[in-house]
Amino acid sequence: PVGNLRQGKATMPHSFGYRARTRDMFSRDFRKAGLHLKQEQWQRPLHVGDYVDIHVNSNVHKGMAHKGFQGRTGIVFNVTKRAVGVEINKVVRNKVVKKRIHVRVEHVEPSKCREDFLKRVKRIETLKRDAKATGKVVPIELIKRTPAQPKKGYTVKATAGGKSPVVQYPSVFSDIM
């Protein structure tokens, strides 16, 4: 019999290949199958220090990242003609190990993880510049972020709309067969 024997029955052999269990992970979206490479993917400027997300394009088999890096964000440490070197943090048991991989540009897209931070830095700098020009101090509430606070408490009045609440009691069962 081919494969494993489990309780007397032959089963399919278990594979531990490089792309094992990636059927859904690497599948293309509906009506997006086939080689759809946009021009912007090639002409996108990537520099050392940029944050990038690894998103494998399964149509391009060359320079594909391992399935363990799918969806991860890393920092570009090297740029070559057709590929970029990405440094990614990987948790191994109880420590974080920096992994360095080279991936083709088709499998990488610029990350949006710093957009909010950079917008906030710009806004705070303009606030500080304006405050310095007017000679005032910027309130700390405008600079520091505070987590969402609980809603304020309020009292619900029982006589809303001029009517008092109606108490309903169960009616007596009167249908006897």
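A short tour of the structure in this document, coming up.

Conventions used here
Residues numbered from 1 in each chain as written. Predicted model: local features only at pLDDT ≥ 70, side-chain atom pairs only at ≥ 80, totals over all residues. Heavy atoms only, no water. Helix = DSSP H or I, 4+ residues; strand = E, 2+ residues; numbered from the N terminus. Buried < 20%, exposed > 50% of the residue type's maximum accessible area, 1.4 Å probe, protein only. Phe/Tyr/Trp six-rings, centres within 6.5 Å; stacked < 30°, edge-to-face > 60°. Lys NZ or Arg CZ within 6 Å of the ring centre and 35° of its normal. Salt bridge = Lys/Arg side-chain N within 4 Å of Asp/Glu carboxyl O. Polar contact = N/O pair within 3.5 Å; in protein donor to acceptor, adjacent residues only side chain to side chain. Contact = heavy atoms within 4.5 Å. Pairing = 2+ DSSP bridges. Axes fitted to C-alpha atoms, helices over the stretch in contact; angles between N-to-C directions.

## Examining the environment of Gly-162
Then, in step 1: In this structure, Gly-162 sits in the segment after α3 (140-143).
Then, in step 2: Note on Gly-162: relative accessible area 73%, which makes it exposed.
Then, in step 3: For the pair formed by Gly-162 and Gly-49, sequence separation is 113 residues and the distance between their alpha carbons is 66 Å.

## Overview of the packing of aromatic side chains
Then, in step 1: Within this structure, the stated rule accounts for zero aromatic pairs.
Then, in step 2: A cation sits over an aromatic face here: Arg-100 above Phe-77, 4.0 Å from the ring centre.

## Description of the pattern of salt bridges
Where charged atoms from two side chains of opposite charge come close, those side chains can pair.
Then, in step 1: Under the criterion given, the structure shown has three salt bridges.
Then, in step 2: A salt bridge links Arg-100 to Glu-87, with the shortest nitrogen-to-oxygen separation between them at 2.9 Å. Remark: Glu-87 occurs in strand β5 (residues 83-92) and Arg-100 occurs in strand β6 (residues 95-104); sequence separation between them is 13 residues.
Then, in step 3: Among the residues examined, Glu-87 registers a relative accessible area of 22% and is labelled partly exposed.
Then, in step 4: The salt bridge involving Glu-106 is made with Arg-104; its shortest N-O contact spans 3.5 Å.
Then, in step 5: Glu-106 sits in the buried class, given a relative accessible area of 5%.
Then, in step 6: Using a relative accessible area of 19% as the deciding quantity, one classes Arg-104 as buried.

## Topic: the side chain of Asn-57
Then, in step 1: Checked against the element boundaries, Asn-57 lands in the loop between β3 (51-54) and β4 (73-79).
Then, in step 2: Exposure remark for Asn-57: the relative accessible area of 5% places this residue in the buried category.
Then, in step 3: Among the polar contacts made by the side chain of Asn-57, one reaches the side chain of Arg-28 at a distance of 3.3 Å.
Then, in step 4: Among residues more than four places away in sequence, those in contact with Asn-57 are Arg-28, Leu-37, Met-64, Glu-106 and His-107.

## Some thoughts on unusual backbone geometry
Then, in step 1: Although it is not a glycine, Arg-21 sits at a positive phi angle of roughly 60°.
Then, in step 2: Along the chain, Arg-21 falls in the loop between β2 (9-10) and α1 (39-43).
Then, in step 3: Backbone geometry at Arg-93 places phi at a positive 55°, although glycine is not the residue there.
Then, in step 4: As for its placement among the helices and strands, Arg-93 is situated in the loop between β5 and β6.
Then, in step 5: With a relative accessible area of 84%, Arg-93 lands in the exposed category.

## Some remarks on the pairing of β4
Then, in step 1: As paired strands, β3 and β4 are joined by three bridges and run antiparallel to one another. Following the sheet pairing, Val-52 is matched in β4 by Gly-74.
Then, in step 2: With four bridges joining them, β4 and β5 adopt antiparallel strand pairing. From the neighbouring strand, Ile-75 faces β5, where its bridge partner is Glu-87.
Then, in step 3: Between the end of β4 and the start of β5, which pair antiparallel, lie three residues.

## Here's the deal with the sheet that holds β3
Then, in step 1: The strand order across the open sheet formed by five strands is β6-β5-β4-β3-β7, and the pairing between neighbours is antiparallel. A strand with exactly one partner marks an edge of an open sheet, and here the two such strands are β6 and β7 (108-110). With direction set aside, neighbouring strand axes in the sheet form an average angle of 45°.

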